[in-house]
Amino acid sequence: MTGGNAWTSAVSDFQQYLIIDLGSTKNITRISIQGRPHHSEYVSEFSISYGYNGLDYADFKESGGNTKLFKGNEDGDNVKHNLFDVPIIAQWIRVNPTRWKDRISLRVELYGCDYDAETVYFNGTSLMSLDLLHDPISASRETLQFRFKTSHANGILMYSKGTQGDFFALQLYENRMILNINLGASSMSSFSVGSLLDDNVWHDVVISRNRRDILFSVDRVVVDGKIKGDFDKLDLNRMLYIGGVPAKDEGLVVTQNFTGCIENLYLNTTNFIRELKQAYEERQYSRFEKINTFYNCPEPPIMPVTFITRTSYAKLKGYEGVRSMNVSLSFRTYEDKGLIIYHPFSSKGYVKVFLEDGRVKTEIKTDDKEIHSTGDHRRGIVLDNYDEQFNDGRWHSLILTIKQNSLVLEIDQKPMRTEKLFSIITGSWYYIGGSPTKEIHNIITNRDGFIGCMRQISVDGNFKLPHDWKEDDFCCKNEILMDACHMIDRCNPNPCKHNGQCRQNSYEFFCECGNSGYSGAVCHTSLNPLSCQAYKNVQAVGQKANIKIDVDGSGPLDPFEVTCEFLTDGRVLTVLGHSSEHSTVVDSFQEPGSYDQTIEYNAKLPQIEALLNRSHECSQRLSYNCRNSRLFNSPSDEQNFRPFGWWLSRQNQMMDYWAGALPGSRKCQCGIVGNCIDPTKWCNCDASLYDWQEDSGEIKDKEYLPVRGLRFGDTGTALDEKQAKYTLGPLVCEGDDLFNNVVTFRITDATINLPRFDMGHSGDIYLEFKTTQENAVIFHAKGSTDYIKLSIIGGNKLKFQYQAGSGPLSVDVQTSYPLNDNNWHSVSVERNRKEARLVIDGATKSEVREPPGPVRALYLTSELVIGATLDYQDGFVGCIRALLLNGLPVDLKSYAERKLYGVSPGCVGRCESNPCLNNGTCFERYDGFSCDCRWSSFKGPICADEIGVNLRSDSIIKYDFLGSWRSTIAENIRVGFTTTNQKGFLLGFSSNITGEYLTILVSNSGALKFVFDFGFERQEISFPGVHFGLGQYHDVRFTRKNSGSTVVITVDNYEPKEYHFDIKDSADAQFNNVQYMYIGKNESMTDGFVGCVSRVEFDDIFPLKLLFQQNPPPNVKSLGPSLLTEDFCGVEPVTLPPVEKETRPPPIVDEEKLRSYDGFTAGFLGSLLFIILLLLLIMAILIYRHMSRHKGEYLTQEDKGADDALDPDDAVVHSTTGHHVTKKKEWFI
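Model, not experiment: these values are computed from the prediction.

Rules used throughout
- Residues numbered from 1 in each chain as written.
- Predicted model: local features only at pLDDT ≥ 70, side-chain atom pairs only at ≥ 80, totals over all residues.
- Heavy atoms only, no water.
- Pairing = 2+ DSSP bridges.
- Helix = DSSP H or I, 4+ residues; strand = E, 2+ residues; numbered from the N terminus.
- Buried < 20%, exposed > 50% of the residue type's maximum accessible area, 1.4 Å probe, protein only.
- Polar contact = N/O pair within 3.5 Å; in protein donor to acceptor, adjacent residues only side chain to side chain.
- Contact = heavy atoms within 4.5 Å.
- Salt bridge = Lys/Arg side-chain N within 4 Å of Asp/Glu carboxyl O.
- Disulfide = S-S within 2.5 Å.
- Phe/Tyr/Trp six-rings, centres within 6.5 Å; stacked < 30°, edge-to-face > 60°.
- Lys NZ or Arg CZ within 6 Å of the ring centre and 35° of its normal.
- UniProt positions renumbered as here; feature names shortened; annotations may be inferred.
- Patch = residues over 30% accessible without salt bridge, like charges linked within 9 Å, V, L, I, M, F, W, Y side chains within 5 Å.
- Areas by Shrake-Rupley, 256 points an atom, 1.4 Å probe, with all protein chains shown as cover.
- Core = buried A, V, L, I, M, F, W, Y, C linked by side-chain atoms within 4.5 Å.

## As for the sheet that holds strand β77 (residues 1046–1051)
Right, so step 1: Within the open sheet, the seven strands sit side by side as β78-β77-β76-β71-β81-β68-β83. Their pairing is antiparallel. Pairing within the sheet leaves two strands with one partner each, and these edge strands are β78 (1057–1060) and β83 (1126–1127).
Right, so step 2: Direction of pairing for strand β68 (residues 948–951) relative to strand β81 (residues 1091–1098): antiparallel, over a ladder of four bridges. Counted as the bridge partner of Gly948 is Ser1094 from β81.

Structure representation (structure tokens):
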């Protein structure tokens, strides 16, 4: 393991594996792996296969039947250990890398021990038995464990029975393991697991029972079940048989005894085979008995061969030149087509047996006169004599016999004879499982070969074992597997959800959903709405609809029928009926509770509970009509409450109150209100009157609903006058809390972090969203390499991206309508063993197929982040509701109520507060808003900025309707102004065609006047009590109603004034053909208005806004000599209070980890500081020694000036002082 070498595959792909031969069968309990040392090459995930012959391998599986994927390394040096919960017993181990880093490299070590086997062989007439008469089994818990192998599809493995009707029957039936068990109930419980168990390979069986809970496992594929009945003990006091029974008995579905080997059979901790051996060795025959059994496991003379590809075949020799032929074999396959036998005659023609649509057919041609039904003269007559399909994965025997004028095809001992005048002369070769192309003269191609297993192949009575075939006897070497039947049952366990029917071929499975109410590759997506509210959300509804709802979507609960009622006030009711809604008479039941009525609803209890839990409120009406028949026998106290009648709650609990009353009150509704017919009683019926009385009301306590049963008494006999009748209404629920569980993401980096979502091999996410964003991430989660992410792109496309071990995959749906239109849209994301699926609004969908190879689970280790990526990027702003993970609702609102950053409960946008003023239109962005002021006379960010103009006396603004003349009877006119001049023309409208007009002006007295003539007569109105020439700003509105006969004038914040005019029948109040609008004055006036005018509106026309916009239209002009400029008339725009800025809080720190980290950091920093100080000290010493490198002094007698001489003579010549002593110094470094 820790050596310096590692195995590295030549290429890195999913076809690489490492095989380990242990030399003999071992008991393997653990595997450890490492990567390549000191490199980043390692295997991060792998599967395990095991075998017994080095040819055929079985995958180590999870309890659900999927191949188990083991966690590998995270680097090249550390060791990763994996324990096997059930040990592997095998000689050959194959490690299959499924994920790796850089390249496939690993070091591996297996842990285990020698395997000691106690084996017994049964030949079909054998059995072993244990007498339980004197030592019976009576237990509430037991465990059975053993291994077996067989080549027979049917056989009894174990059987025992008790005198009280208990039995235990374990058997093979059509190559599956069947357990029938009865603990004394009226009917037995049956469980099935495994398939292809007749492959002559060892299989591990574990059965564990705890009272009525049972775990049944074959090769680690587990079925958990519940045994029927009320009893917990298994009582067996007769014979316990192993391998067969002397006669068929109760609980057995097969008649054949077992043929094959059983190994290490443990009953609890007792090795049954070892105990039997010891008993026989000690000659203690009183308890044990064995018949025709052997203590070894001989290999049967049945050697299968697997045709892996359609181009593979066997080429076997037969008797050539004879007039008869015989071929026999057994085959098994899942393919619906394939060539089984092909033989060309030496005379004209051929014969072939083949599969087509799963049916076995024969085609024979003996002369040129026989023509195939297609008209092809090269082909013969096709015989289709069997209606059954034989591609069911079971072994089928086939015998083909041809002689003169006779052809007999026999399948599973059912012969079909065809007689016709013909004769044949056999050729030399028989092709089994296929044929080379050149042999079949283009009639069929080698692509039509057989894929599956065959055994016991005999040609003309000659049987040749596959391992004796020579290379010329088959094609091709890597396309045929000898001595093993390598087939995978992809339909066991059934991968199709919700009772979908599974079909398969050699490569994949298919699910037929039928009328299950689900669709998709594995029947996982519900076709029914989640509730009546969900039904209403997606389509138009009437007053009532009878539909099926699926309260948990893709979850395990089936759809059920309800009646949806849609009320005019918007409420939605869900009505669940039952079998006893009609009024029912109760008579001749005197004893309390002797009348017993169980209520059967149109749904099962788990479905009803899910409906109740999701509804706002639920109720059920219950009434009891009585004549001299008491109900509660009131009054009573808690200890003496002995009613004659009562109802049973959801938990089958006897309830102590009647409909309309309160729990625990022991009263009816009249006892609560205080209006019972007998004031001393608490129920009307307790008055015992001979007149008909009634106690009725509604039960509204959801925790007790629905009513499961009714019990009544005190109804006397058929001869007296006591009588009663009751009516129980349907269960009625209102609303769906799933759609009220809504949150708002108001900041782009706000998220809700949910716990890790285990998507595994199959999972789905459903939610509804509402947004105005074009691009955002809705959810995101990831593991070390895997991830899932859902994004909205471009406002009209959703994209789901994921990775599960292999490369990244994605599926997207683009809609023809916008998804960011601030309306609710639903999205369902599903990933299963075959595909990933994305559905929008229940209709638009798209799929992407999973890549070939083993299905890899999605390993997500992070939190599931809703609203952005894991690093808070590309955030979503908007609303999300109705989040379901694998059909289970998630309470998003509870997260928002914790005052999370940027998340609010409910769906509340910024436009909810109506921030856009003056008829501006608000566009929601959830993290903000924008205002469209096109239908307002204002401008600015919230349509609050004035658009005005300062007018002089010669100023005139004219709006010409240019032929698009207006005729109005209920106009909306508005103008704002300020002036200190006590007269002036503010606003006027006129028509030269009709002579009708409207003028708004300030009179000489400072009053505001409205002068108009709309065709019925001239009118003049003055607004009283206000002087309009004092420089204050005034806002004036003029509107009409009541067909134009009533004028409403509103000034500033004063009460509106209404003026009604009597209009003659012959008159018309309509303001016809308005041609012009004038501001300041009209063309006939000399002096105009002096002041500032703004807010000019005439219905949807805003002339000042048009005048001052860039490139104004030609029909609005300033006609005066002076240039007009835009002005705000001294009115400051309204501003909104600033939005409180939010900042993301710092991440939560784990104090324990911080303290441990701080301790480590302090020690590490202390050590580092000490090393630095030590290095500084050493450097200081070295520097000091360098600076103090003077060693000592010495004497010299050289002349002064001779230091630079080249030789002694030159020194004498250049000397200046003569011989004297000079002190010199010597240095060293």
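Don't stop here, the text continues.
## Description of the side chain of Thr150
Right, so step 1: Along the chain, Thr150 falls in the loop between β10 (141–149) and β11 (155–161).
Right, so step 2: A relative accessible area of 1% places Thr150 in the buried class.
Right, so step 3: Of note is the side chain of Thr150, whose polar atom sits 2.4 Å from the backbone oxygen of Thr259.
Right, so step 4: The contacts of Thr150, once residues within four sequence positions are left out, are Leu172, Leu197, Asp198, Asp199, Asn200, Phe258, Thr259 and Gly260.

## Focus: the pairing of strand β52 (residues 742–745)
Right, so step 1: In β52, alternate side chains face the same way, and those of Val742 and Thr744 on one face and Val743 and Phe745 on the other are all buried.
Right, so step 2: Pairing of β52 with strand β65 (residues 903–905), which is carried by three bridges, proceeds in the antiparallel orientation. If you follow Phe745 over to β65, its bridge partner there is Val903.

## Examining the pattern of salt bridges
Right, so step 1: On inspection of all chains with the given rule, the structure shows 57 salt bridges.
Right, so step 2: With a shortest N-O distance of 3.9 Å, Arg212 and Asp232 are connected by a salt bridge. Of the two residues, Arg212 sits in the loop between β15 (203–210) and β16 (213–218) while Asp232 sits in the loop between β17 (221–226) and β18 (234–236), which places them 20 residues apart along the sequence.
Right, so step 3: Of the residues examined, Asp232 reaches a relative accessible area of 27% and is grouped as partly exposed.
Right, so step 4: Note that Arg1144 is salt-bridged to Asp749, the shortest N-O span being 3.8 Å. Note that Arg1144 is positioned in the loop between β83 and α7 (1151–1187) and Asp749 in the loop between β52 and β53 (752–754), a separation of 395 residues in sequence.
Right, so step 5: Ionic contacts of the salt-bridge type, sharing partners, join the residues Glu356, Arg359, Lys361, Asp384 and Asp387 into one network.

## Topic: the state of the cysteines
Disulfides are covalent bonds that link the sulfur atoms of two cysteine residues.
Right, so step 1: Counted by the stated rule, this structure contains 16 disulfides.
Right, so step 2: Covalent S-S linkage joins Cys618 and Cys733, the inter-sulfur distance amounting to 2.0 Å. Disulfide Cys618-Cys733: the torsion about the S-S bond is 110 degrees, which places it as right-handed. Note that Cys618 is positioned in strand β47 (residues 617–627) and Cys733 in strand β51 (residues 723–734), a separation of 115 residues in sequence.
Right, so step 3: Note that Cys1092 is cross-linked by a disulfide to Cys1129, the S-S spacing being 1.9 Å. Taking the torsion about the sulfur-sulfur bond, which here is approximately -75 degrees, the covalent link between Cys1092 and Cys1129 counts as left-handed. Within this pair, whereas Cys1092 is found in strand β81, its partner Cys1129 is found in the loop between β83 and α7, the two being separated by 37 residues in sequence.
Right, so step 4: On the accessibility criterion, Cys1092 (3% relative accessible area) is buried.

## Points about the packing of aromatic side chains
Right, so step 1: Counted under the stated rule, the structure contains 46 aromatic pairs.
Right, so step 2: Ring pairing ties together the aromatic residues Phe589, Tyr595, Tyr624, Phe632, Phe641, Trp658, Phe712 and Tyr726, which thus form one cluster.
Right, so step 3: In this arrangement the basic side chain of Arg30 is found over the ring face of Tyr111, its NZ or CZ atom lying 3.9 Å from the centre.
Right, so step 4: Just above the ring of Tyr280 sits the side chain of Lys290; from NZ or CZ to the centre is 5.2 Å.

## Some words on the UniProt feature "domain: EGF-like" (unreviewed entry) in the protein
Right, so step 1: Under the local residue numbering, the UniProt record ascribes the feature "domain: EGF-like" (unreviewed entry) to residues 487–524 and 908–944.
Right, so step 2: From the first C-alpha to the last, residues 487–524 spans 26 Å; its make-up is 0% helix and 26% strand.
Right, so step 3: Structurally, residues 908–944 comprises 0% helix and 22% strand, and the distance from its first C-alpha atom to its last is 23 Å.

## Re a nonpolar patch on the surface
Right, so step 1: Together, Phe1164, Leu1165, Leu1168, Leu1169, Ile1172, Leu1173, Leu1176, Met1179, Ile1183 and Met1187 line one region of the surface with nonpolar side chains, adding up to about 1000 Å² of accessible area.
Right, so step 2: With respect to the element layout, Leu1176 can be found in helix α7.

## Remarks on helix α3 (residues 605–614)
Right, so step 1: For α3, every residue scored as buried is listed here: Gln607, Ile608, Ala610, Leu611, Leu612 and Arg614.
Right, so step 2: Packing partners of the buried residues in α3 comprise β42 (544–549), β43 (560–566), β44 (572–576), β47 and β51.

## Brief notes about the sheet that holds strand β27 (residues 350–356)
In sheet architecture, strand pairing relies on hydrogen bonds along the backbone and comes in two forms, parallel and antiparallel.
Right, so step 1: Strand order in this open sheet of seven strands is β29-β28-β27-β26-β33-β24-β36, and the pairing throughout is antiparallel. The open sheet terminates on both sides in strands that have one partner only, identified here as β29 (381–383) and β36 (474–475).
Right, so step 2: With seven bridges connecting them, strand β26 (residues 337–344) and β27 associate as antiparallel partners. By the bridge assignment for β27, Pro344 is matched with Tyr350.

## Description of the nonpolar core
Right, so step 1: Of all hydrophobic cores here, the largest spans 49 residues; its most connected members are Tyr624, Trp647, Trp658, Leu710 and Phe712.
Right, so step 2: Sort the elements by how many residues they give to this core and β51 lands first, with five residues.

## Description of the pairing of strand β59 (residues 825–831)
Right, so step 1: The element β59 is extensively covered by neighbouring structure, given that seven of its seven residues are classed as buried.
Right, so step 2: Covered by surrounding structure in β59 are His825, Val827, Val829 and Arg831 together with Ser826, Ser828 and Glu830, the residues of both alternating faces.
Right, so step 3: With seven bridges joining them, strand β54 (residues 763–771) and β59 adopt antiparallel strand pairing. Paired with Phe769 across the two strands is His825, which belongs to β59.
Right, so step 4: Of the strand pairs in this sheet, β59 and strand β60 (residues 835–840) are connected by five bridges, and their pairing is antiparallel. Across the sheet, residue Arg831 finds its bridge partner in β60, namely Ala836.
Right, so step 5: The turn linking β59 back onto β60 is made up of three residues.

## As for unusual backbone geometry
Right, so step 1: Cis geometry is adopted by the peptide bond preceding Pro493, which originates at Asn492 and carries an omega value of -5 degrees.
Right, so step 2: Note on placement: Pro493 falls in the loop between β37 (480–482) and β38 (501–504).
Right, so step 3: Following Leu705, the chain continues into Pro706 via a peptide bond in cis, with omega recorded as 0 degrees.
Right, so step 4: Following the sequence through the fold, Pro706 ends up in the loop between β49 (693–699) and β50 (709–712).
Right, so step 5: The backbone of Tyr926 shows a phi angle near 65 degrees, a positive value even though the residue is not glycine.
Right, so step 6: Along the polypeptide, Tyr926 turns up in the loop between β66 (921–924) and β67 (929–932).

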